[in-house]
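Results of the structural survey
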Amino acid sequence: MTHKDFIEIHDYSADEVREIFEIARDMKASPEKYREALKGQTLAMIFEKSSTRTRVSFEVGMYQLGGHALFLSSRDIQLGRGEPIYDTAKVLSRYVNGIMARTFAHKTVTELAEYASVPVINGLTDLSHPTQAMTDYFTAWEHLGDLKGRKLAYVGDGNNMAHSLMFGAPKVGMHIAVATPGGYAPDPFVVATAQADADQAGTKVIVTTSIEEAVRDADVVTTDVWASMGQEAEAQKRQRDFEGWQVDTRVMSFARKEAIFMHCLPAHRGEEVAGEVIDSPRSVIYDEAENRLHVQKAIMYMLMKR
Ligand code: CP
Ligand code: NVA
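The sections below set out a description of the structure shown in this document. (Residues numbered from 1 in each chain as written. Chains lettered and ligands numbered in written order. Predicted model: local features only at pLDDT ≥ 70, side-chain atom pairs only at ≥ 80, totals over all residues. Heavy atoms only, no water.)

1. Let's talk about the pattern of salt bridges
In this structure the tally under the stated criterion is 14 salt bridges. Here Glu22 and Arg25 are joined by a salt bridge, their closest N and O atoms 3.2 Å apart. Linking Glu22 with Arg25, this pair stays in helix 1 (residues 14-29), spanning three residues, or about one helical turn. Via salt bridges that share partners, Arg18, Glu22 and Arg25 belong to a single interconnected network. (Salt bridge = Lys/Arg side-chain N within 4 Å of Asp/Glu carboxyl O. Helix = DSSP H or I, 4+ residues; strand = E, 2+ residues; numbered from the N terminus.)

2. Section: the site of ligand 2
Residues in contact with ligand 2, as listed here, are Leu124, His129, Asn159, Asn160, Asp224, Val225, Ser228, Met229, Cys264 and Leu265. Between ligand 2 and Asn160, the relevant distance is 2.8 Å, taken from a nitrogen atom to a side-chain nitrogen or oxygen of the residue. Ser228 is positioned with one of its side-chain polar atoms (N or O) 2.7 Å from a nitrogen atom of ligand 2. With the chains in place, 94% of the 260 Å² that ligand 2 exposes on its own is no longer accessible. Here the residues of the shell around ligand 2 are counted per class, giving five nonpolar, four polar and one charged. (Near = heavy atom within 4 Å. Polar contact = N/O pair within 3.5 Å; in protein donor to acceptor, adjacent residues only side chain to side chain. Areas by Shrake-Rupley, 256 points an atom, 1.4 Å probe, with all protein chains shown as cover. Nonpolar A, V, L, I, M, F, W, Y, C, P; charged D, E, K, R; others polar.)

3. Regarding the nonpolar core
One finds Leu43, Tyr137, Ile176 and Met300 to be the most contacted residues of the largest nonpolar core, which totals 57 residues. Contacts of Leu43, omitting those with residues within four sequence positions, involve Phe58, Met62, His68, Ala69, Leu70, Gly98, Ile99, Met100, Met300 and Met304. Counting 25 residues, the second-largest nonpolar core is a separate cluster that includes Ala153, Ala259, Phe261 and Val277. (Core = buried A, V, L, I, M, F, W, Y, C linked by side-chain atoms within 4.5 Å. Buried < 20%, exposed > 50% of the residue type's maximum accessible area, 1.4 Å probe, protein only. Contact = heavy atoms within 4.5 Å.)

4. Looking at the site of ligand 1
As a structural note, the neighbourhood of ligand 1 is formed by Ser51, Thr52, Arg53, Thr54, Arg102, His129, Gln132, Cys264, Leu265 and Arg292. Gln132 is positioned such that a nitrogen or oxygen atom in its side chain is 3.0 Å from a nitrogen atom of ligand 1. With respect to ligand 1, the backbone of Leu265 contributes an N or O atom lying 2.9 Å from a nitrogen atom. Coverage of ligand 1 by the protein chains reaches 95% of its 250 Å² of free accessible surface. Taken together, the residues that form the shell around ligand 1 break down as two nonpolar, five polar and three charged.

5. Some points on the packing of aromatic side chains
One pair of aromatic rings is described through two measures. These are the centre distance and the angle between the planes. In total, this model carries nine aromatic pairs according to the counting rule given. With centroids separated by 5.5 Å and ring planes inclined at 85°, the aromatic side chains of Tyr34 and Tyr301 adopt a geometry described as edge-to-face. With Tyr34 in the loop between helix 1 and strand 1 (42-47) and Tyr301 in helix 12 (residues 285-304), this residue pair connects regions lying 267 residues apart in the sequence. Exposure remark for Tyr34: the relative accessible area of 11% places this residue in the buried category. Linked through ring pairs, Phe21, Phe138 and Trp141 together constitute an aromatic cluster. Above the plane of the ring of Phe71 lies Arg55, whose end atom (NZ or CZ) is 3.5 Å from the centre. A cation sits over an aromatic face here: Lys305 above Tyr301, 5.2 Å from the ring centre. (Phe/Tyr/Trp six-rings, centres within 6.5 Å; stacked < 30°, edge-to-face > 60°. Lys NZ or Arg CZ within 6 Å of the ring centre and 35° of its normal.)

6. Examining the sheet that holds strand 3 (residues 98-102)
Here we have four strands laid out as an open sheet, ordered 2-1-3-4, and parallel in their pairing. Among the strands making up the open sheet, the edge pair consists of strand 2 (68-73) and strand 4 (120-122). The average undirected angle you get between the axes of adjacent strands in this sheet is 20°. Each of strand 1, strand 2, strand 3 and strand 4 touches helix 2 (residues 53-64); the most contacted strand, strand 1, lies at about 175° to it. (Pairing = 2+ DSSP bridges. Axes fitted to C-alpha atoms, helices over the stretch in contact; angles between N-to-C directions.)

7. Details of the sheet that holds strand 9 (residues 260-263)
The five strands lie next to each other as 7-6-5-8-9, forming an open sheet whose pairing is parallel. A strand with exactly one partner marks an edge of an open sheet, and here the two such strands are strand 7 (205-208) and strand 9. Strand-to-strand twist in this sheet, taken as the mean axis angle between neighbours without regard to direction, amounts to 20°. As judged from the five bridges shared by strand 5 (residues 151-155) and strand 6 (residues 175-179), these two strands associate in the parallel manner. Paired with Lys151 across the bridge in strand 6 is His175.

8. Observations concerning helix 12
With 20 residues, helix 12 should cover 28 Å at 1.5 Å per step; its first-to-last C-alpha distance of 28 Å lies within 8% of that length. A bend of about 30° at Asn291 is the largest found in helix 12. Of all 20 residues that make up helix 12, 15 are buried, and the element is covered over most of its length. (Expected span 1.5 Å × (residues − 1). Bend = angle between axes of the 7 residues up to and from the residue.)

Written out as structure tokens, the structure reads:
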């Protein structure tokens, strides 16, 4: 694999995604084999937004690979006071072996990647959350086996999670259906890109305002918060606009009997998902959270190993 960065799943081929999954599976089964894989290496982790899973799984992941991670809140580093991304990228590249960044503007991550001489990993932006979507498909693969021809349904806001799942589906051979209320559809550029990838892969991309159409015969049902980080001021309006959009047992009944439920977390029970679904045996949310560790270790290994 010849990539410098991990910015979007779209940048990776189906074979490369598969290779990352194989490494992640091996790391999960035999972590001791990789104890020195990134020995002495450091990952800088820039956070403009809160995080539990991303922060902990990247930091623990680096430790388990023999390296270590630095937590850099944008409130504390000069980037947050207006130091150019350009200089931040060049300076960090003199100290560390990789950069992971969670930012508001997607451009912040792409600029970091452009100017850093070390690998840059997208740890969530307003546009996408690729390490989470990779993990979701890896988790589906663990639970369902071969994903070719299977269907994933995403119900809710056409946000960063919806986008990354759309970029990822054609790479794993899955059909994807995204149902959102009117006015909350995914970014047209993402839809067009995913559609082009799907045409090549022979998979389908469905964007609809019908929950039933999206979830019908799905093997995986997933959702995400109605108000993402940075949209706090819109939270009340969104609560009203998303009325009737909760994933509950009625919604799950449209899916296949053995369908699994996923959520990237954090979740709001009683809003985008009912407790009866997220806390049911169909829910694989904690496997999903755990797998962030294994999949991201595989991504870091692939980008940073010498
Ligand atoms: N799913 C996810 O990225 O969680 P955090 O915001 O806790 O990192
Ligand atoms: N869409 C959510 C995902 C959180 C992991 C957000 O951006 O806040």
